[in-house]
Amino acid sequence: INIAGRYAVNFFFDPSGSEYAGISVNASATTTNIQSLAAAQRRDMAYGGSSSETISVGLTMYLSVNDVVRPHTNGASVGTASRCGFSIVKVS
């Protein structure tokens, strides 16, 4: 983040199987599964029980300069790439 403020963040992910997906901020372990991150680094998380379930998480939050926001999963492969995306928009 280059400018502090409130941001709307959205991540949707179509996994190849049962999977967690979420949004992390300033994660110290970028290859760690989302559900294993420290609670302070995990801002939103959801579970999809099968390959046909697109997981969607989103929230609006205040972010500071130099915060690093990531879409975060368990490292599973993508089911359908066209059903995956990440956006972050400064709202104020």
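Each remark here, short or long, concerns the structure printed above.
Thresholds, definitions, all that
Residues numbered from 1 in each chain as written. Predicted model: local features only at pLDDT ≥ 70, side-chain atom pairs only at ≥ 80, totals over all residues. Heavy atoms only, no water. Pairing = 2+ DSSP bridges. Helix = DSSP H or I, 4+ residues; strand = E, 2+ residues; numbered from the N terminus. Axes fitted to C-alpha atoms, helices over the stretch in contact; angles between N-to-C directions. Polar contact = N/O pair within 3.5 Å; in protein donor to acceptor, adjacent residues only side chain to side chain. Salt bridge = Lys/Arg side-chain N within 4 Å of Asp/Glu carboxyl O. Buried < 20%, exposed > 50% of the residue type's maximum accessible area, 1.4 Å probe, protein only. Core = buried A, V, L, I, M, F, W, Y, C linked by side-chain atoms within 4.5 Å. Contact = heavy atoms within 4.5 Å.

A. Up close: the sheet that holds strand β5 (residues 69–73). If you trace the three strands from one edge of the open sheet to the other, you get β3-β2-β5, paired in antiparallel fashion. Either end of the sheet is taken by a strand with one partner, and the two such strands are β3 (42–48) and β5. Direction aside, the axes of adjacent strands within the sheet are offset by 15° on average. With five bridges connecting them, strand β2 (residues 19–25) and β5 associate as antiparallel partners. Residue Ile23 lies in a different strand from β5, and its bridge partner there is Pro71.

B. Quick look at the environment of Gln41. For Gln41, the location among the structural elements is in the loop between β2 and β3. Along the chain, Gln41 and Val25 lie 16 residues apart, while their C-alpha atoms are 5.2 Å from each other. One polar contact links Gln41 to Ser28, side chain to side chain, over a distance of 3.2 Å.

C. Focus on the sheet that holds strand β6 (residues 85–90). Within the open sheet, the three strands sit side by side as β4-β1-β6. Their pairing is antiparallel. Here the strands that pair on one side only, and so sit at the sheet edges, are β4 (55–63) and β6. With strand direction ignored, the average angle separating the axes of adjacent strands in the sheet is 10°. As defined by bridge partners, strand β1 (residues 5–13) adjoins β4 across nine bridges and the pair is classed as antiparallel.

D. Broad picture of the pattern of salt bridges. Overall, the coordinates contain one salt bridge when judged by the stated rule. One salt bridge connects Asp14 with Arg83, and the closest N-O pair in it is separated by 3.8 Å. Within this pair, whereas Asp14 is found in the loop between β1 and β2, its partner Arg83 is found in the loop between β5 and β6, the two being separated by 69 residues in sequence. Overall, Asp14 belongs to the buried group, its relative accessible area being 1%.

E. Expanded view of the nonpolar core. The biggest cluster of nonpolar side chains holds twelve residues, and these are Tyr7, Val9, Phe11, Phe13, Ala21, Ile23, Val25, Ile55, Val57, Met61, Leu63 and Val69. Secondary structure elements with two or more residues in this core: β1, β2 and β4. If near-sequence neighbours (up to four positions away) are discounted, Val9 is found in contact with Ile23, Val57, Gly58, Leu59, Met61, Val69, Phe86, Ser87 and Ile88.

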